[in-house]
Amino acid sequence: MRWWKRFRILRKQNDTVKIMTLFFCGGIFFLGKALCHGVGLYQATKTPVEYEVFAEAGKGAEPVSAKACGLDGVIFAGPFRESTVSFRKKGEELTFSCMELSEEYLEKVYGISEKGAMKTFYVNQRAFGMLKKAGNITGDVSELRIGYEQQAEVAEKGGQDSSKGTSPERESAFGNAKVLLIPVPVAEEEPFVCCIGTPLRLKSEEAGIRIWGRLDLTGENMAKLTEEGFTLSDARQMQLVRQEQALKQTELKYSAILAMICLSVPFFLHSAWKMKYHGNSLEWYDRKKDGEE
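Definitions and cut-offs
- Counting of residues starts from 1 at the beginning of each chain's written sequence and follows it residue by residue.
- The model is predicted, so local features are restricted to residues of pLDDT at least 70 and side-chain atom pairs to those at 80 or more, both for listing and for counting; the totals for chains, interfaces and linings are taken over all residues.
- Water and hydrogen atoms play no part in the side-chain values, which are based on all heavy atoms of the structure.
- For this analysis, a salt bridge means a side-chain nitrogen from Lys or Arg found within 4 Å of a carboxyl oxygen belonging to Asp or Glu.
- Working definition: helices are DSSP H or I runs of at least four residues, strands are E runs of at least two. Numbering for both runs from the N terminus.
- Relative accessibility thresholds used throughout: buried, under 20% of the residue-type maximum; exposed, over 50%; partly exposed, between the two (1.4 Å probe, protein chains only).
- By convention in this document, the label disulfide applies to cysteine sulfur atom pairs within 2.5 Å.
- When we speak of the arc, we mean the arc of directions from the helix axis to the C-beta atoms.
- We call two residues in contact when some of their heavy atoms are within 4.5 Å.
- Strand pairing follows a simple DSSP-based rule, namely that at least 2 bridges must link the two strands.
- A score from 0 to 100, pLDDT tells how confident the predictor is in each residue.
- Here, nonpolar core means buried Ala, Val, Leu, Ile, Met, Phe, Trp, Tyr and Cys residues that are tied together by side-chain atoms lying within 4.5 Å of each other.
- Patch construction takes residues with relative accessible area above 30% that form no salt bridge. Like charges are linked within 9 Å, and nonpolar side chains (Val, Leu, Ile, Met, Phe, Trp, Tyr) are linked within 5 Å.
- The Shrake-Rupley method, run with a 1.4 Å probe, gives the accessible areas here. Residue values count only the displayed protein chains as cover.

1. Some words on the pattern of salt bridges
- Following the criterion strictly, the structure yields six salt bridges and no others.
- A salt bridge links Glu-149 to Arg-88; the shortest N-O distance between them is 3.1 Å. You can see Glu-149 sitting in strand S5 (residues 143-153) and its partner Arg-88 sitting in strand S2 (residues 74-89), a full 61 residues away along the chain.
- Under the relative-accessibility criterion, Glu-149 is labelled partly exposed at 22%.

Structure (structure tokens):
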């Protein structure tokens, strides 16, 4: 009789084989779980993420960006400013936060090389879908022509104190613009809009630094950034991400341990069975068949 036919009968009739089968299936389950966690952690460490930091007051954005590029785990860094942009289409108006970035950052990170003199905004799928819906646009389109108004706060002049209850001074620009999809995968949790910022705004002391780099699972890179005088804009969120990845590392470790234990039990039971029946682990079935047991 073939071995798999013997095993199928033994699995139903012998308690030891039942235990071996149960532990073997458990080992395969925990091994698969460990592999899933391992692949997830590998992708997390290899897939670059973006985060924002601010330098100490009085430092220009460009030299600080160059300094950030020299840190471990940082692939590229560039200055950014935030503004508000309102798009109008067929009487509908949508307002988004807009990230103003340098041409070099857009090219290095998003693969965007801007051509032409027309104002262009680059958006993720979520923002693009909202604009299409507002304009009652259907079908597969990759570019929108739309009216816009962009507003941004400007620095107080002459060292004036902006904490006296007066509204900050704002500058605005308006006209018609192109809206294009960002050609690379980006986060889709929230609408994202970016454009090329003016050199004057990006070189100002109010500019922050947007960093594109590998996810810091240990916190060492964040500690180095802090030592260099940088302040993370959303330290709480980054801490939660690190805690989530640390939890996955723990799950990976214990899943691997449980997989080793579960796969070891059938091996030891099988070895003991072979010793009992002089090297033939299926002899029990033959003896029972012949009426010896």
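There is more to say after this.
2. A word on the state of the cysteines
- Taken as a whole and judged by the stated rule, the model has zero disulfides.
- We note that Cys-98 lacks a disulfide partner, and the nearest cysteine sulfur, in Cys-195, lies 3.6 Å from it.
- Cys-98 provides the cysteine sulfur closest to Cys-194, a residue in no disulfide bond, and the two sulfurs are 6.9 Å apart.
- Cys-194 gets classed as buried once you look at its relative accessible area, which sits at 0%.

3. Focus: the environment of Arg-145
- Locating Arg-145 in the fold gives a position in strand S5.
- You can call Arg-145 partly exposed: its relative accessible area is 48%.
- Separated by 32 residues in sequence, Arg-145 and Ala-177 have C-alpha atoms that sit 5.8 Å apart.

4. Concerning helix H5 (residues 125-134)
- Looking only at H5, the buried set comprises Ala-127, Phe-128, Leu-131, Lys-132 and Ala-134. For H5, the buried positions fall inside an angular range of 165° around the axis, keeping them on one side.
- Buried positions along H5 lie against S2, strand S3 (92-101), strand S4 (120-123), S5, strand S6 (170-181) and strand S7 (193-196).
- Asn-136 sits one or two residues past H5 and shows a positive phi near 55°.

5. Here we look at the pairing of strand S1 (residues 49-54)
- In this structure, S1 lies alongside strand S8 (residues 208-213), joined through five bridges in antiparallel fashion. When the sheet's bridge partners are listed, Glu-50 is paired in S8 with Trp-212.
- Pairing geometry for S1 and strand S9 (residues 231-232), over two bridges, is antiparallel. Within S9, the residue paired with Phe-54 across the bridge is Thr-231.

6. Some details on the confidence of the model for the protein chain
- Here the protein chain averages 77 in pLDDT, and 75% of its residues register 70 or above.
- By mean pLDDT, the top-scoring element of the protein chain is S4 (94), and the lowest-scoring one is helix H9 (residues 283-289) (52).
- Confidence drops under pLDDT 50 across residues 157-164; counting only partners more than four residues distant or on other chains, this segment forms one contact.

7. Some thoughts on the nonpolar core
- If you look at the biggest cluster of nonpolar residues, it comprises 16 residues, and the most contacted ones within it are Val-85, Phe-87, Phe-96, Phe-121, Leu-131, Val-179 and Val-193.
- Those elements that provide at least two residues to this core are S2, S3, S4, H5, S5, S6 and S7.
- Excluding its chain neighbours within four sequence positions, the residues that come into contact with Val-193 are Val-85, Phe-87, Phe-96, Ser-97, Cys-98, Met-99, Phe-121, Tyr-122, Val-123 and Ala-127.
- If you look at the next biggest cluster of nonpolar residues, it comprises 15 residues, including Phe-80, Met-99, Tyr-110 and Cys-194.

8. Here we look at a nonpolar patch on the surface
- Side chains of Phe-24, Ile-28, Leu-31 and Leu-35 sit close together on the surface and give an oily, nonpolar patch of about 380 Å² of accessible area.
- Examined against the element boundaries, Phe-24 turns out to sit in helix H2 (residues 15-46).

9. Quick word on the pairing of S7
- The side-chain alternation of S7 yields two buried faces, one formed by Val-193 and Cys-195 and the other by Cys-194 and Ile-196.
- Across four bridges, the pairing between S3 and S7 is parallel. In the strand pairing of S7, Met-99 is matched with Cys-194.
- With two bridges joining them, S4 and S7 adopt antiparallel strand pairing. Each bridged residue has a counterpart across the sheet, and for Val-123 the counterpart in S7 is Val-193.

10. Remarks on helix H4 (residues 103-110)
- Residues of H4 that are buried include every one of Tyr-105, Leu-106, Val-109 and Tyr-110, and no others. Summarising the axial view, the buried residues of H4 lie within an arc of 100°, below the 170-degree limit, and thus occupy one face. Exposed side of H4, more than 90 degrees from the buried face: Glu-103 and Lys-108 are the residues found there.
- In the core, the buried residues of H4 are packed alongside S1, S2, S3, S4, S7 and S8.

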